[in-house]
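Below, each chain spelled out in residue letters.
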Amino acid sequence: QSQHDLCKLLDEMRLTKDAHEVAILRRAGAISAGAHVRAMQTSAAMLRAGVKGGLREYHLEAELLHEFRRHGSQFPAYTSIVAAGANACVLHYRAGNAELKPGELCLIDAGCELDGYASDITRTFPAGGKFTPAQRVLYEIVLEAQNAAVKVTKPGKRFMDPHDAATRVLAQGMLDTGLLSKAKHGKVDDVLASGAYRQFYMHRTGHWMGMDVHDCGDYTEPSSRPREEKDALGQTVMRKPSRILRPGMVTTVEPGIYVRPAKGVPKEFWNIGIRIEDDALVTAKGCELLTRGVPVEADEIEALMRG
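A brief report on the enclosed structure follows. None of the values given here were measured: they were computed from a predicted structure.

1. Overview of the side chain of R243
Among the secondary structure elements, R243 is positioned in the loop between strand 8 (236-239) and strand 9 (250-253). Accessibility expressed as a relative area gives 0% for R243, which makes it buried. Among the polar contacts made by the side chain of R243, one reaches the main-chain carbonyl oxygen of D218 at a distance of 3.0 Å.

Laid out in structure tokens, this is it:
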């Protein structure tokens, strides 16, 4: 029992950040946010200028790395994702030489490492500076999902509560837009029970963050007992309840929608990939988003890129 208690204590210490650690994380988030702003503005400016050879994913990756280092970051926290157009539907795509084109979206998932601590931001923006109607519809759904997740990222809630909140909004949005047929899949509770939403959203909404971008720490409550649950296939499995959130914990909040061409999927949404991610510090009353130095509202993104 004493060994179990010691392991639990060490796990709590790893997950709960002190004031010094939070200050570094906050600074890392600010540097990374500035890098995203620079990449957005560069994208619009280069497309307006009609740069010879075109605007490439690696051009924006270079802007990110420049901004990281210019403000004192020692390293990128992970290999930057800069995904143009359909490439945004590949979850762990790496910046390549694909050309960014007006009318397409660009998804950037990038963050710096500062003094041994990571940051992790994803923004999705129109390469030329203006969302198409179909892009904006899906973007607003993802943003609403993130807002729902942020609201339940607070002490006393469990680690999976933000995921559940986001997934409900995403599933409803999939039904409303016709990504999922109401006649075939039913209502939102049916979609959640069947897991049909996974066609367009196949990852978890968050992960611990700290000295590593995917920080160590148990996602289940150490003192709890396993209980029977049904998985997506209807099979009985034994699972522990997810971790109770406590002040000082840092997690990401990153819902998304990824639409590949498929039968029955409205063509106007094909090849649109959207993710919005921020780093959230759990506080006494809720959470603080450490990475909102880069716009997240669609209108604010368009305004930034016009400038």
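2. A closer look at the packing of aromatic side chains
Applying the stated criterion across every chain, the model contains 4 aromatic pairs. Relative to W208, the ring of F159 lies with its centre 4.9 Å away and its plane at 50°, an arrangement referred to as tilted. Separated by 49 residues along the polypeptide, F159 in the loop between helix 4 (133-151) and helix 5 (161-177) and W208 in the loop between helix 7 (188-194) and strand 7 (227-230) bring together distant segments of the chain. Among the residues examined, F159 registers a relative accessible area of 6% and is labelled buried. Between W208 and Y219 the ring centres are 5.5 Å apart and the planes differ by 5°, which places this aromatic pair in the stacked class. Of this pair, W208 sits in the loop between helix 7 and strand 7 while Y219 sits in the loop between helix 7 and strand 7, and the two are 11 residues apart along the sequence. Here W208 and Y219 have matching classes, each one buried.

3. Looking at the environment of G96
Relative to the assigned elements, G96 resides in the loop between strand 2 (81-84) and strand 3 (105-110). For G96, a relative accessible area of 22% translates into the label partly exposed. The sequence separation of G96 and A84 amounts to 12 residues, and the corresponding C-alpha distance is 9.2 Å. In this structure, G96 is in contact with E57 and Y58, ignoring residues within four places of it in sequence.

4. A word on the sheet that holds strand 9
Across the sheet, which stays open at both edges, the 3 strands sit in the order 9-12-13 with antiparallel pairing between neighbours. Every interior strand has two partners, whereas the edge strands, strand 9 and strand 13 (287-289), have only one. Across this sheet, the average inter-strand angle for adjacent strands is 35°, counted without regard to direction. Across the sheet, helix 4 is in contact with strand 9, strand 12 (278-282) and strand 13; its angle to strand 9 comes to roughly 155°.

5. Some thoughts on the sheet that holds strand 2
If you trace the 3 strands from one edge of the open sheet to the other, you get 2-3-6, paired in antiparallel fashion. At either end of the open sheet lies a strand with only one pairing partner, and these are strand 2 and strand 6 (121-126). The sheet shows a mean angle of 10° between the axes of neighbouring strands, direction not considered. In this structure, strand 3 lies alongside strand 6, joined through 6 bridges in antiparallel fashion. Residue pairing across strands places I108 opposite R123, the latter belonging to strand 6. Against the sheet, helix 3 (residues 57-70) touches strand 2, strand 3 and strand 6, its axis set at about 150° to strand 2.

6. So, the pattern of salt bridges
Counted by the stated rule, this structure contains 16 salt bridges. One network of salt bridges, with partners in common, ties together R38, E63, E67 and R70.

7. Concerning helix 8 (residues 298-306)
Within the span of helix 8, buried status applies to A298, I301, E302, L304 and M305. The buried residues of helix 8 occupy one face: seen down the axis, they fall within an arc of 160°. Exposed positions of helix 8 whose direction lies more than 90 degrees from the buried face are D299 and R306. Looking at the buried positions of helix 8, the neighbouring elements they touch are helix 2 (19-49), strand 6 and helix 4.

8. Description of helix 3
Taking 1.5 Å of rise per residue, the 14 residues of helix 3 would be expected to cover 20 Å, and the 20 Å separating its terminal C-alpha atoms lies within 8% of that figure. Looking at helix 3, one finds that the buried residues are E57, L60, E63, L64, E67 and F68. When helix 3 is viewed along its axis, its buried side chains cluster within an angular range of 130° and face the same direction. Residues of helix 3 that are exposed and point over 90 degrees away from its buried face: R69 and R70. Those residues of helix 3 hidden inside the fold are in contact with helix 2, strand 1 (75-76), strand 2, strand 3, strand 4 (112-114) and strand 6. Directly beyond the C-terminal end of helix 3, a positive phi value near 100° is found at G72.

9. Description of unusual backbone geometry
Backbone phi values are negative for most residues with the exception of glycine, while trans is the configuration of most peptide bonds. One non-glycine residue, D115, adopts positive backbone phi at about 50°. Mapping D115 onto the fold places it in the loop between strand 4 and strand 5 (117-118). Judged by relative accessible area, D115 falls into the partly exposed class, the value being 46%. One non-glycine residue, N271, lies in positive phi territory at about 65°. As for its placement among the helices and strands, N271 is situated in the loop between strand 10 (256-259) and strand 11 (272-275). Under the relative-accessibility criterion, N271 is labelled partly exposed at 34%.

What counts as what
Residues numbered from 1 in each chain as written. Predicted model: local features only at pLDDT ≥ 70, side-chain atom pairs only at ≥ 80, totals over all residues. Heavy atoms only, no water. Helix = DSSP H or I, 4+ residues; strand = E, 2+ residues; numbered from the N terminus. Buried < 20%, exposed > 50% of the residue type's maximum accessible area, 1.4 Å probe, protein only. Polar contact = N/O pair within 3.5 Å; in protein donor to acceptor, adjacent residues only side chain to side chain. Phe/Tyr/Trp six-rings, centres within 6.5 Å; stacked < 30°, edge-to-face > 60°. Contact = heavy atoms within 4.5 Å. Pairing = 2+ DSSP bridges. Axes fitted to C-alpha atoms, helices over the stretch in contact; angles between N-to-C directions. Salt bridge = Lys/Arg side-chain N within 4 Å of Asp/Glu carboxyl O. Arc of directions from axis to C-beta. Expected span 1.5 Å × (residues − 1).

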